[in-house]
Amino acid sequence: MAELSLTIDGQQVAVAEGATILDAARAAGVAIPTLCHDPDLEPYGGCRLCIVKVEGMRGMPPSCITKAADGMCVTTADEEIVAARRTVMRLLLADHPNDCLSRRGNLDCELQRLAKDMGVREHGLIPLTREGSIDQSNPVFVRDMNRCVLCARCVGACEQILGLGAIHFIRRGHATEVGTFMGGDIAQSTCESCGECVVHCPTGALAFREPPPEPEKEVASVCQYCGTGCSILMGVRGGKVVRARGNPEGPVNRGNLCVKGRFGAIEYVHHPERLTTPLIRREGELQEASWDEALDLVAEKLAPHKGDAFASFSSAKVANEDNYLMQKFTRAVMGTNSVDHCARL
Amino acid sequence: MTNPIADFSESEVILITGSNTTEAHPIIANRMRRAARAGTKLLVIEPRAIPLVDQASMFLRPRPGTDVAWINGLMHVIVKEGLADSEYIASRTEGFDEMAEMLKKFDPDTVAKITGIAADDLVAAARLFAGAKPASIAYAMGITQHITGTDNVKSLANLAMLTGNVGVVGGGVNPLRGQNNVQGACDLGALPNVYPGYQKVTDATVQKKFEQAWGVDLPAHVGLTVTEVLPGILAGKVKALYIMGENPMLSDPDTAHVEKALRAADLLVVQDIFLTETAKLADVVLPAASYVERDGTVTNTERRVQRTGKAIEPLGDSRADWEIICDLSTRMGYEMNYASVNEIMIEIAQVTPQYGGISYARLEAGETPCWPCPTADHPGTGVLHVGKFSRGLGHFHAIDFQAADELPDKDYPMILTTGRISAQFHTGTMSRKSPGLNALAPEAFVQVCPKDAAALGIQDGEKIRVRTRRGQIELKARHADMVDQGVIFIPFHFHEAAANVLTNTALDPIAKIPELKVCAAKMERL
Ligand code: SF4
Ligand code: SF4
Ligand code: SF4
Ligand code: FES
């Protein structure tokens, strides 16, 4: 691909053709605030927080949708740009519930972080009260349209990542919000409750009912719930798995998860009903036993059943290494080929 | 799958059949829908009006259990209209003439009588599929869980070869596997007829190779499948059964029969993470660590090998499945002294040609190769059968239509079909521990088309009884346009109303897969 060369804040950068000014700035290590921009989605250019100045161009074009061109000379921040961005931010906040900036518990809000980074604490405008809808119909997430900044990332996620389009902008003007096809509850729509839109929302407008804590570390794993092989990052905190999120580097899913992967990947791990000790049936009841007792008993009872009197069911839910050893045990130790698993079911 | 998942984006047409992809394989469905947005045409041929129908260019609705008929019908039209890929057939396949002879009787009108698909629709679908290059076929257990499951799969392979779509990017015959490591379990020889790498147990050279590798004498005859073991116990032939991570009490057809067999075994050992319905019947229960508590690898439906890393320590005294097997084996006098999964993978690579180049070192470096990956410097293989089939020439099978084992009649007038829903998984052992998933899918239900419901006066949400010759369950009826008249659908995840109390144990004679997708049933108001 052809290379372009341009100047960002006096710094020379080379980018591939098709790159935006924002891409070029990031390549040069220059930060530009963005809100509606989402690396997983097609450029939208709706919020205008990312405006810059380009020599020879009128006005301040949004850097996330303006293509870089050879020889371009870009200024990403001067007094005028910063002031314009602050105005954009103040307008966004004027339209926002005022408990938001002070609200705790929404630590991951991109909007709050941006406002703070830009030094905007109060909007100083007459608040515009909005009567956005609050949709509680989904059991795993809530949609509070009063907190929506119309960045379209949720719409883009559902449309471009899922190819579904369960949600759209509905109504017009100040009443515009994100809703379902007929404006009804999300639970009655084609929504699949996957939570992808929630992950992409930069505000508290879309929020999980049970937001997971921030983990101390993450370990890559693979979802257990179907043969697709989506990669999941298991977040660990205090020796427990507390969060599962799509691994952006997963070769199959690129961060995307379905409802099972998102809301079911870890919940069973620490469930009180987990088996934590061997059990042996004594006088008709399963009773706790040590590993030595249990395995010695199994070894003793299996010994007379070598050959076709023995059979094993291996599993489509355990690792390759477990399956390999189970078939090896069945064949080499028990002397039969009667090993199978529930592939057929 | 013969092709990678990403290939669906390269297809001009995707035929989706026997798969409710958005519920059972949502991330693959996302890929298909994205492809549809970009111009790929989806051709859905399914007894139920699945959600993907919304994105589909064409939807045909056959009666459950009539797959061979409509596939042969499509091929009849393709051959008759000269739409077959004659160059591909000549250079890469054999057996075409016998098959073409068989196809003669599957004219659209005959097929319409068997399947309920209108003759014109069949012709249009045949033109759509054969007119596209490349065209892909995706299927799941709606194709395999029939007494004719093997025939159904072979018929789809026939269709793909007839149109020159095997061995090309964006084409192929693509089974979507239901569980996360079905592929790996098969690859690594958890099957009664093959060693790891699909090497036949009846092949003397193979037997010798494994006898040398493992240092023991090995049995030369094929063992029993899951569906044969249980009758084997009742017949007194199988005395001891060791079950690792499976729950046949819910997943196998005819639960009453399964329970009887499991109780009849002299010794039942169950190794699992929960005290499942099956574990409750065991003589010894061994607690396994869950997959986040140990290292391992799994192989997905496109043959991609990926690592699952250990995130936390095993709970309580639970241990990794492989460690338990090693310990038991050593106690029985056959030493298994692997220090880690890494060492097991080294042995796997030595005896399994397809996994010859797979190692933890590569996986840790971020690679996720698809097998066959024979050597350490081999990048893995995305599309199978490029240029040549692994067996040489692709073989067409002449396959006749055979009706399902149990058809509706006066006493049991409905066809019952079973399957999955998106928010629960398999027998629910894991997914039903999630509050979120339980809130989304709290209880069993039966989908009934509104007309059938009205005929019996069944309200939406009313609890009813569904009865078959094997048993009965009570659950809520849901009015759903998704099912056709005369058909009802029950998901099999719920033990309190287990669909497999009802299902038929009749097996496909080759694959030994039970006919879970069709049996005769009736509904009764309580
Ligand atoms: S939860 Fe998933 S399906 Fe539902 S609207 Fe959000 S992205 Fe779309
Ligand atoms: S709901 Fe969130 S993601 Fe969607 S438009 Fe509003 S702020 Fe953006
Ligand atoms: S996240 Fe969904 S699609 Fe992906 S592997 Fe898990 S269950 Fe399958
Ligand atoms: S980030 Fe560029 S317009 Fe929103």
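Just so we're clear, the structure is a prediction, and the values are computed from it rather than from any experiment. The residue count restarts for each chain, going from 1 along the sequence in the order it is written. Each chain is given a letter, starting from A, and each ligand a number, starting from 1, according to the order in which they appear as written. Only residues with pLDDT of at least 70 get local features here, since the model is predicted, and only at 80 or more are side-chain atom pairs given and counted; chain-wide, interface and lining totals rely on the full set of residues. Side-chain numbers here rest on the full set of heavy atoms in the structure, without hydrogens or water.

**Student:** If you had to explain the overall build of chain B to someone new, which residues and values would you point to?
**Tutor:** Numbered from the N terminus, helices here are DSSP runs of H or I no shorter than four residues, and strands are runs of E no shorter than two. If you tally the helices and strands in chain B, you get 19 helices and 20 strands. Considering only C-alpha atoms, chain B reaches an extent of 65 × 60 × 45 Å along its principal axes. For chain B, with 526 residues in total, the buried portion stands at 63%. Should any heavy atoms of two residues lie within 4.5 Å, those residues are considered in contact. A separation of at least 24 residues holds for 69% of the contacts in chain B among residues at least 6 apart in sequence. For every accessible area listed, the method is Shrake-Rupley and the probe measures 1.4 Å; residues are considered covered only by the protein chains on display. Of the roughly 18,000 Å² that chain B leaves accessible, carbon and sulfur atoms contribute 51%. In chain B, the 51 positive side-chain charges and the 62 negative ones have mean positions that sit 3 Å from each other. Think of it in three bands: with a 1.4 Å probe and only protein chains considered, a residue is buried below 20% of the maximum accessible area for its type, exposed above 50%, and partly exposed in between. Two residue types count as positive, namely Lys and Arg, and two as negative, namely Asp and Glu; His and chain ends fall outside the count. Charge coordinates come from a single atom per side chain, which is NZ of Lys, CZ of Arg, CG of Asp or CD of Glu.

**Student:** Lay out the overall build of chain A in plain terms, naming residues and giving numbers.
**Tutor:** Broken down by element type, chain A carries 8 helices and 16 strands. Our radius of gyration looks at C-alpha atoms and nothing else; its globule reference is 2.2 Å times the residue count to the power 0.38. Here chain A has a C-alpha radius of gyration of 27 Å; the compact-globule value for 345 residues is 20 Å, and the former is much larger. With respect to the principal axes defined by its C-alpha atoms, chain A has extents near 90 × 50 × 40 Å. The buried share of chain A, reckoned over its 345 residues, is 57%. Surface exposure of chain A reaches about 15,100 Å², of which carbon and sulfur atoms provide 50%.

**Student:** Describe the sheet that holds strand β11 (residues 231-237) of chain A, listing the residues and the values that go with them.
**Tutor:** Residues and elements named next belong to chain A. Reading across the sheet, the 3 strands line up as β10-β11-β12 and stay open at both edges, with antiparallel pairing between neighbours. The sheet is open, and its two borders are formed by β10 (217-222) and β12 (240-246), each paired with just one other strand. Pairwise comparison of adjacent strand axes, ignoring direction, gives a mean angle of 30° for this sheet. For β11 and β12, the ladder comprises 6 bridges, and the chain directions are antiparallel. Residue pairing in the sheet places glycine 235 in a bridge with arginine 243 of β12. One bridge is not enough; two strands pair if DSSP finds at least two bridges between them. Simply put, an axis is a line fit to the C-alpha atoms, just over the touching stretch for a helix, and the angle between two N-to-C directions goes from 0 to 180 degrees.

**Student:** Now, about the confidence of the model for chain A: what can you tell me, with residues and values included?
**Tutor:** pLDDT measures how confident the predictor is about each residue, on a scale from 0 to 100. When pLDDT is averaged along chain A, the result is 90; 94% of the residues meet or exceed 70. Note on residues 102-107 of chain A: pLDDT under 50 across the span, and 4 contacts to partners over four residues away in sequence or across chains.

**Student:** So what about the pairing of strand β5 (residues 135-139) of chain B? Which residues, and what values?
**Tutor:** Residue and element names in this part refer to chain B. Most of β5 sits inside the fold, with 5 of its 5 residues counted as buried. Alternating residues of β5 divide into Ala135, Ile137 and Tyr139 and Ser136 and Ala138, and every residue in both groups is buried. Across 3 bridges, β5 lies against strand β6 (residues 173-175) in parallel orientation. Looking at the pairing, alanine 138 lines up with asparagine 174 of β6.

**Student:** So, the packing of helix α12 (residues 226-234) of chain B against helix α14 (residues 255-264) of chain B: which residues are in play, and what are the values?
**Tutor:** Helix-helix packing is characterised by the crossing angle of the two axes and by the distance between the axes. Residues and elements named next belong to chain B. The N-to-C vectors of α12 and α14 enclose an angle of 60°; their axes lie 8 Å apart at closest approach. Of the possible angle classes, the one that applies to α12 and α14 is oblique. As α12 packs across α14, the resulting crossing turns out to be left-handed. Residues Leu230, Pro231, Ile233 and Leu234 of α12 lie in contact with α14, whose contacting residues are His257, Val258, Lys260, Ala261, Leu262 and Ala264. What sets the label is the angle itself: under 35 degrees gives roughly parallel, over 145 gives roughly antiparallel, 65 to 115 gives roughly perpendicular, and the rest give oblique. Handedness of a helix crossing follows the sense of rotation of the near helix relative to the far helix, less than a right angle counterclockwise being left-handed and clockwise being right-handed.

**Student:** Give a detailed account of the domain arrangement of chain B, specifying residues and quantitative values.
**Tutor:** Frequently, the measure chosen for interface size is the accessible area removed from exposure when the parts meet. Residues and elements named next belong to chain B. An automatic or database domain assignment supplies the residue ranges for each domain. Here chain B is described as being made up of domain 1 (5-176), domain 2 (182-364) and domain 3 (414-525). In this structure, domain 2 and domain 3 have C-alpha centres spaced 30 Å apart. With 14 residues of domain 2 in contact, the opposing surface of domain 3 contributes 19 residues. Here's the idea: put two parts together, see how much 1.4 Å probe accessible area each one loses, and the total over both is what we call buried area. Carbon and sulfur atoms supply 68% of the area that domain 2 and domain 3 bury against each other, a total of about 1,400 Å² over both sides.

**Student:** Please set out the site of ligand 2 residue by residue, giving values where relevant.
**Tutor:** For each residue, the test is whether any non-hydrogen atom lies within 4 Å of the molecule or strand; if one does, the residue is near. As a matter of local geometry, ligand 2 sits amid Cys148, Val149, Leu150, Cys151, Ala152, Cys154, Val178, Cys201, Pro202, Thr203, Ala205 and Leu206 of chain A. Each residue receives one of three labels: charged for Asp, Glu, Lys and Arg, nonpolar for Ala, Val, Leu, Ile, Met, Phe, Trp, Tyr, Cys and Pro, and polar for the others, Gly being one of them. In the shell around ligand 2, the residues fall into 11 nonpolar, 1 polar and no charged.

**Student:** Summarise the side chain of arginine 48 of chain B; cite the residues concerned and give the values.
**Tutor:** Residues and elements named next belong to chain B. One can find arginine 48 in the loop between β2 (41-45) and β3 (58-60). By definition here, a salt bridge exists when the distance from a side-chain nitrogen of Lys or Arg to a carboxyl oxygen of Asp or Glu is within 4 Å. Within the buried core, arginine 48 has no salt-bridge partner, and the shortest N-O distance to an opposite charge, that of glutamate 46, equals 5.1 Å. Contacts described as polar in this section are N or O atom pairs within 3.5 Å, which, within protein, must combine one atom able to donate a hydrogen with one able to accept it, while residues neighboring in sequence count only if both atoms come from side chains. A polar side-chain atom of arginine 48 sits 3.0 Å from a polar atom in the side chain of glutamine 447. Not counting chain neighbours up to four residues away, the residues in contact with arginine 48 comprise Asn20, Phe59, Arg61, Gln447, Met482, Val483 and Phe489.

**Student:** Run through the packing of aromatic side chains, naming residues and quoting values.
**Tutor:** Two aromatic rings, drawn from Phe, Tyr or Trp (for Trp, its six-membered ring), form a pair once their centres lie within 6.5 Å of each other, and the interplanar angle then sorts them: stacked below 30 degrees, edge-to-face above 60, tilted otherwise. Under the definition given, this model contains 10 aromatic pairs over all chains. Aromatic side chains phenylalanine 210 of chain B and tryptophan 214 of chain B sit 5.0 Å apart centroid to centroid with 65° between the ring planes, which places their arrangement in the edge-to-face category. Of this pair, phenylalanine 210 of chain B and tryptophan 214 of chain B both sit in helix α11 (residues 204-214), separated by 4 residues, roughly a single helical turn. Assigned by exposure class, phenylalanine 210 of chain B and tryptophan 214 of chain B land together as buried. One aromatic cluster is present, built from ring pairs that chain together Tyr324 of chain A together with Tyr195, Phe210 and Trp214 of chain B. The residue whose ring lies beneath arginine 331 of chain A is tyrosine 195 of chain B, and the NZ or CZ to ring-centre distance is 4.9 Å. Note on geometry: a ring has a charge over it if NZ (lysine) or CZ (arginine) is within 6 Å of the ring centre and within 35 degrees of the ring normal. We note lysine 433 of chain B situated over the ring of phenylalanine 274 of chain B; from NZ or CZ to the ring centre the distance is 4.0 Å.

**Student:** For the site of ligand 1, give the residues involved together with the corresponding values.
**Tutor:** The immediate surroundings of ligand 1 are formed by Phe141, Cys158, Leu162, Leu164, Ile167, Cys191, Glu192, Ser193, Cys194, Gly195, Glu196 and Cys197 of chain A. Each residue belonging to the shell around ligand 1 can be placed in one class, and the counts come to 8 nonpolar, 2 polar and 2 charged.

**Student:** Which residues make up the interface of chain B and chain A, and what values go with them?
**Tutor:** In this complex, chain B contributes 148 residues to the contact, which on the side of chain A involves 108 residues. Carbon and sulfur atoms make up 63% of the area that chain B and chain A hide from each other, which totals about 10,800 Å². For the chain B face of the interface with chain A, the top three residues by lost area are Ile27, Tyr291 and Met332 of chain B, together amounting to 7%. For the interface between chain B and chain A, the tally reads 8 salt bridges. Taking the shortest distance from any N to any O, the salt bridge between glutamate 246 of chain B and lysine 317 of chain A comes out at 3.7 Å. Across the contact surface, chain B and chain A share 55 residue pairs in polar contact (both at pLDDT 80 or more). With 9 residues, the top contributor of residues to the side of chain B that touches chain A is helix α15 (residues 321-331) of chain B.

**Student:** Break down the nonpolar core for me, with residues and values.
**Tutor:** Here the nonpolar core consists of buried residues drawn from Ala, Val, Leu, Ile, Met, Phe, Trp, Tyr and Cys, with membership extended through side-chain atoms lying within 4.5 Å. Counting residues in hydrophobic clusters, the biggest one holds 54 residues, and the most contacted among them are Leu302 and Phe329 of chain A together with Tyr242 of chain B. Formed by 40 residues, the second largest nonpolar core is a distinct cluster that contains Leu43, Ile45, Tyr88 and Val166 of chain B.

**Student:** Report on helix α6 (residues 108-115) of chain B, specifying residues and quantitative values.
**Tutor:** Residues and elements named next belong to chain B. Those residues of α6 that sit buried are Pro108, Val111 and Thr115. Buried residues in α6, looked at end-on, bunch into an arc of 60°, giving them a common side. Turned more than 90 degrees off the buried face of α6, the exposed positions are Asp109 and Lys113. Where α6 is buried, its residues meet α3 (67-80) and α7 (119-130). It is the directions from the helix axis to the C-beta atoms that the arc portrays.

**Student:** So, the domain arrangement of chain A: which residues are in play, and what are the values?
**Tutor:** Residue and element names in this part refer to chain A. Each assigned domain of chain A is listed with its residue range as follows: domain 1 (3-91), domain 2 (132-211), domain 3 (217-269), domain 4 (275-305) and domain 5 (306-345). Relative to domain 2, the C-alpha centre of domain 1 lies at a distance of 28 Å. The partner domain 2 presents 12 residues to the 8 residues of domain 1 that form the contact. Approximately 780 Å² of surface area, both sides summed, lies buried where domain 1 meets domain 2, with 59% of it carried by carbon and sulfur atoms. Summed over the three residues of domain 1 that lose the most area to domain 2, namely Leu35, Leu41 and Tyr44, the buried surface amounts to 58% of that side. Between arginine 153 and aspartate 38 there is a salt bridge, and its shortest N-O distance comes to 3.2 Å. Across the contact surface, domain 1 and domain 2 share 4 residue pairs in polar contact (both at pLDDT 80 or more).

**Student:** Any chance you could break down the packing of helix α4 (residues 153-161) of chain A against helix α2 (residues 26-37) of chain B for me, citing the residues and the numbers?
**Tutor:** It is at 8 Å that the axes of α4 of chain A and α2 of chain B come closest, and there the two elements cross at 90°. Between α4 of chain A and α2 of chain B, the crossing angle belongs to the class labelled roughly perpendicular. Contacts between α4 of chain A and α2 of chain B pair Glu159, Gln160 and Ile161 of chain A from the former with Asn30, Arg34 and Arg37 of chain B from the latter. The class makeup of the residues in the contact of α4 of chain A with α2 of chain B is 1 nonpolar, 2 polar and 3 charged.

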